[in-house]
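# Structure assessment
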Amino acid sequence: MEEQKLYHLLEKMTLEEKVNQLVQIPASAFEKSGVDTGDVEERKYTQRQISQAGSIIGMVGAENVRRIQKHHMENHPHHIPMLFMMDVIHGFRTIFPIPLGQGASFHPELVERCAKAAAREASSSGVHVTFAPMSDLVRDARWGRVMEATGEDPYLNSIMTRAMIRGFQGGCDIDYQHVAACTKHFAAYGAPQGGRDYNNVELSEHSLREYYLPAYKAGIQEGCKLMMTSFNSLNGVPATANPWLMKKILREEFEFEGVLISDWRAIEELITHGIAENERDAAYLAIESGVDIDMASHCYADHLEELVTSGILEERVIDEAVFRVLKLKNVLGLFENPYRGADPSEESRIFLNNNQRALSREAARESFVLLKNDILEKKLPILPLSGCRKTVFLGPYVESQKLHSSWALMGREKDAVSISQALYEKKKGEELHFHIIKNMNENSVQEIREADAVVLCIGEDRMQSGEAASRGDICVPEQQLSLLRRLYEINSNIISVVFSGRPLDLREVSEKSKAVLAVWLPGTEGGNALLDVLYGNYNPSGKLPMSFPYCTGQIPVFYNHYSTGRPCLKENTPYRSCYLDIPNAPLYPFGYGLSYTKFLLSPTTLSHAVMKGEKDIITASVIVKNEGHVTGTEIVQMYIRDRKGKTIRPVKELKGFQRVQLAPGEEQIVEFAITEEMLRYHSPDGVMRSENGKFTVWIDNSSDTRGEGVEFCLEK
Ligand code: BGC
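Position numbers for residues count from 1 along each chain, tracking the sequence in the order it is written. At least 70 in pLDDT is required for a residue's local features to be given in this predicted model, at least 80 for side-chain atom pairs to be given and counted, and no such filter applies to totals for whole chains, interfaces and linings, which use all residues. Heavy atoms throughout the structure, all of them, feed into the side-chain values; hydrogens and water do not.

Next up on the list: the overall build of the protein. Secondary structure elements are taken from DSSP: a helix is a run of H or I of four residues or more, a strand is a run of E of two residues or more, and numbering for both begins at the N terminus. Each helix and strand in the protein was counted, giving 20 helices and 27 strands. As a reference, a globule follows 2.2 Å times the number of residues to the power 0.38, and the radius of gyration itself is taken over C-alpha atoms. In terms of C-alpha radius of gyration, the protein reaches 26 Å, essentially the compact-globule figure of 27 Å for 716 residues. Overall size of the protein, expressed as C-alpha extent along the three principal axes, is 80 × 65 × 45 Å. The classification of residues rests on relative accessible area computed with a 1.4 Å probe and restricted to protein chains. Under 20% of the type maximum is buried, over 50% is exposed, and intermediate values are partly exposed. When burial is assessed residue by residue, the protein has 61% of its 716 residues classed as buried. Here a residue-residue contact requires only that any non-hydrogen atoms of the pair lie within 4.5 Å. In the protein, the proportion of contacts linking residues at least 24 apart, taken out of those at least 6 apart, comes to 77%. Summed over all atoms, the accessible surface of the protein reaches about 27700 Å², with 48% contributed by carbon and sulfur. Between the centroid of the 80 positive side chains of the protein and the centroid of its 97 negative side chains there is a distance of 4 Å. With residues, only the protein chains shown are counted as cover, and all accessible areas are computed by Shrake-Rupley using a 1.4 Å probe. Two residue types count as positive, namely Lys and Arg, and two as negative, namely Asp and Glu; His and chain ends fall outside the count. A charge is said to be at NZ when it belongs to Lys, at CZ for Arg, at CG for Asp and at CD for Glu.

Nonpolar side chains in soluble globular proteins generally cluster together in the buried interior. Phe 186, Tyr 300, Leu 304, Leu 371, Phe 393, Ile 495 and Leu 534 are the most contacted members of the largest nonpolar core, which totals 209 residues. Once you skip the residues sitting within four places of it in the chain, Phe 186 turns out to touch Leu 213, Tyr 216, Met 227, Met 228, Thr 229, Ser 230, Ala 239, Leu 245, Ile 249, Leu 250 and Phe 254. Counting 22 residues, the second largest nonpolar core, distinct from the first, contains Leu 601, Ile 640, Ile 674 and Phe 695. Residue types Ala, Val, Leu, Ile, Met, Phe, Trp, Tyr and Cys, when buried and joined through side-chain atoms within 4.5 Å, form a set referred to as a nonpolar core.

The next subject is the side chain of Ser 124. Among the secondary structure elements, Ser 124 is positioned in helix H6 (residues 108-124). In this structure, Ser 124 is in contact with Ala 62, Gly 341, Ala 342, Asp 343, Glu 346, Glu 347, Ile 350 and Phe 351, ignoring residues within four places of it in sequence.

This part covers unusual backbone geometry. Going from Lys 184 to His 185, the amide bond is cis rather than trans, its omega being -5°. Among the structural elements, His 185 can be located in strand S5 (residues 180-186). In this chain, Phe 186 is followed by Ala 187 through a cis amide linkage whose omega measures 5°. In this fold, Ala 187 is placed in the loop between S5 and helix H8 (205-221). We note that His 79 has phi near 55°; this positive angle belongs to a residue other than glycine. The exposure class assigned to His 79 is partly exposed, which follows from its relative accessible area of 45%. In the Ramachandran plot, Tyr 198 falls in the positive-phi region, its phi being about 70° despite a non-glycine side chain.

A molecule or strand has a residue near it when one of that residue's heavy atoms lies within 4 Å. Of all residues adjacent to the ligand, which total 14 residues, the nearest are Thr 37, Asp 87, Arg 145, His 185 and Asp 263. Take Asp 87: an N or O atom from its side chain is 2.4 Å from an oxygen atom of the ligand. One nitrogen or oxygen atom from the side chain of Arg 145 is found 2.7 Å from an oxygen atom belonging to the ligand. Polar contacts, as counted here, are pairs of nitrogen or oxygen atoms within 3.5 Å of one another; within protein the pair requires one atom able to donate a hydrogen and one able to accept it, and residues that are adjacent in sequence qualify only if both atoms are side-chain atoms.

Tracing the sequence through the fold places Gly 501 in the loop between strand S15 (494-499) and helix H19 (507-512). Exposure remark for Gly 501: the relative accessible area of 1% places this residue in the buried category. C-alpha separation for the pair Gly 501 and Lys 32, spaced 469 residues apart in sequence, amounts to 30 Å. Every residue in contact with Gly 501, bar those within four places of it in the chain, is listed here: Ile 98, Leu 100, Val 146, Met 147, Glu 460, Ser 465 and Leu 521.

That is the geometry; function is a separate question.
Written out as structure tokens, the structure is:
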């Protein structure tokens with residue numbers, strides 16, 4: 001529809017009809033088949049509110065959606081179609097690895113394909129908008145929602161946010177096989193105090209801008225159609241009623257023109273936050289701060305109209321918000337075809353088909369991070385396994401099909417391939433000597449003793465991460481550690497495969513295992529993907545998107561921290577920023593991950609050592625050589641440190657990465673362009689700018705970079 005026609009439509013609407021466009025109703029208000037993702041208030045919406053509602057959350061299924069939309073259109077005074085929104089976080093029916101695992105792939109093109117495949121399934125099932133990507137930067141592994149993030153680095157988060165949006169939306173004109181993306185949660189939801197979900201965030205503007213805001217901004221630049229507010233308060237003001245965040249930064253600075261939606265009942269929560277007296281007050285604060293849609297609370301539905309008629313709120317504010325909602329409906333083509341992609345035959349053709357499954361398997365393999373792989377007596381590393389050697393598998397994850405996170409709302413356990421299913425399937429085609437141990441008894445002890453390798457499949461349950469799933473101690477469950485200790489006495493050739501929605505404290509697991517593989521929550525094809533890696537059909541290349549702490553007490557621990565006046569140096573002088581009882585360094589740092597082959601990186605060289613002016617580009621390069629016996633992919637990473645600024649600067653920052661695949665013996669020059677723009681930071685006067693002076697560059701395969709790096713100067 002031409003935009004002009006939308007204005008005409010808006011003019012014809014009554015105030016009540018307009019307000020209802022800003023109301024998002026939970027699916028269960030329509031019928032039982034919906035999926036609610038939060039507490040639903042017992043109070044019912046009125047029939048008029050339901051029949052005029054602008055959007056619905058949690059209703060899927062092509063037939064359901066078509067039927068409800070048809071009824072809605074027939075009853076709506078202007079026949080305005082409804083928007084169907086849903087959280088499609090890491091897959092719809094075919095489930096891909098959790099976003100943290102996707103971050104570990106360092107493979108944006110793959111992440112884009114996963115989002116595209118998820119959009120395809122979701123749109124065939126009637127979804128118009130997904131509440132993804134979650135672009136919150138995360139540093140505290142106790143927070144259960146780190147699983148939904150792509151990690152601790154603003155650059156990686158920005159790249160992955162963009163990739164997901166490209167995949168979900170498929171470009172500016174979102175065709176019927178794609179869905180609109182909603183970047184969330186604006187802002188800084190990933191920094192709750194103590195890692196406890198929904199807790200307050202206290203963050204300097206400096207850190208907010210340096211670390212937390214870039215990924216949301218990247219989402220806007222990539223053209224996401226919606227943005228979601230966050231539950232938390234930021235420096236004393238709840239994000240959902242924070243005009244500085246939403247008007248000044250989001251709309252003015254970042255020039256976001258799309259729809260701003262609240263999080264689930266977050267407007268009503270302004271009362272419990274203690275900044276609104278009642279729902280009417282909450283509605284006023286939220287709309288005045290710029291929130292367009294009220295998700296799942298009654299505040300807008302019951303109070304906006306009266307706020308306007310009593311002269312407190314200008315109708316213009318409502319009109320602007322409604323116009324953004326109408327524009328979104330228009331972009332999605334709903335005025336031409338209110339059913340969009342919803343099509344039962346497409347659902348059955350696409351859900352879990354071979355292509356979808358193959359992609360899920362590929363993505364899972366690429367998300368795995370090999371943390372340890374010891375060399376055995378015969379000079380061979382313990383991994384990969386060889387099929388002809390005897391391997392026992394045990395631990396709670398061997399037979400589990402719980403390979404999805406709590407956010408895989410439409411994923412079904414029965415569709416997931418467990419490790420044991422994958423083993424039996426693999427055995428059909430090749431020689432494979434394995435034994436699955438269900439209970440530790442005398443017979444199995446003998447079996448374990450005689451095995452060449454023991455694969456222990458452990459980790460958190462999928463419900464131990466996700467929303468409202470913060471943990472005070474991020475250990476592997478005690479029962480599993482006891483099993484590990486017992487095994488260690490019997491046969492120390494242990495390969496620990498660790499499932500989790502977050503970095504865990506893996507000290508003991510790592511000490512007592514010869515190999516450790518982090519596999520996150522890998523999704524539908526988890527079992528198959530794992531065997532691909534364990535048996536060497538796929539050489540792992542994942543890198544940690546978030547540091548694995550040495551222990552919980554070390555949190556928050558992240559590689560790109562600011563410098564201090566008394567850094568922890570090797571010389572052991574007492575007055576230093578060190579712990580007495582634990583190291584400062586995490587157990588496994590950001591960007592770290594091993595391969596079955598060995599890559600050698602030459603020292604970093606620069607094309608020239610002085611960057612003259614803003615147009616000058618320095619090329620930093622290394623030669624990467626595969627020194628091992630198998631083909632592998634290395635993720636080559638470039639880090640830069642600004643040696644002196646007007647504020648303190650991070651000790652290093654990721655500024656680029658490249659995936660390089662090399663055959664045995666092959667080598668390649670890997671080059672990175674260093675531009676002046678990369679050197680800018682949020683300076684004290686509030687402007688992003690670079691400053692003349694010295695910088696250090698490292699190109700390496702982890703954030704734990706070797707040596708001093710090489711220096712260059714900026715002279716503008
Ligand atoms: C979550 C959001 C989610 C929304 C709708 C909230 O509880 O914080 O991330 O999109 O529910 O399901």
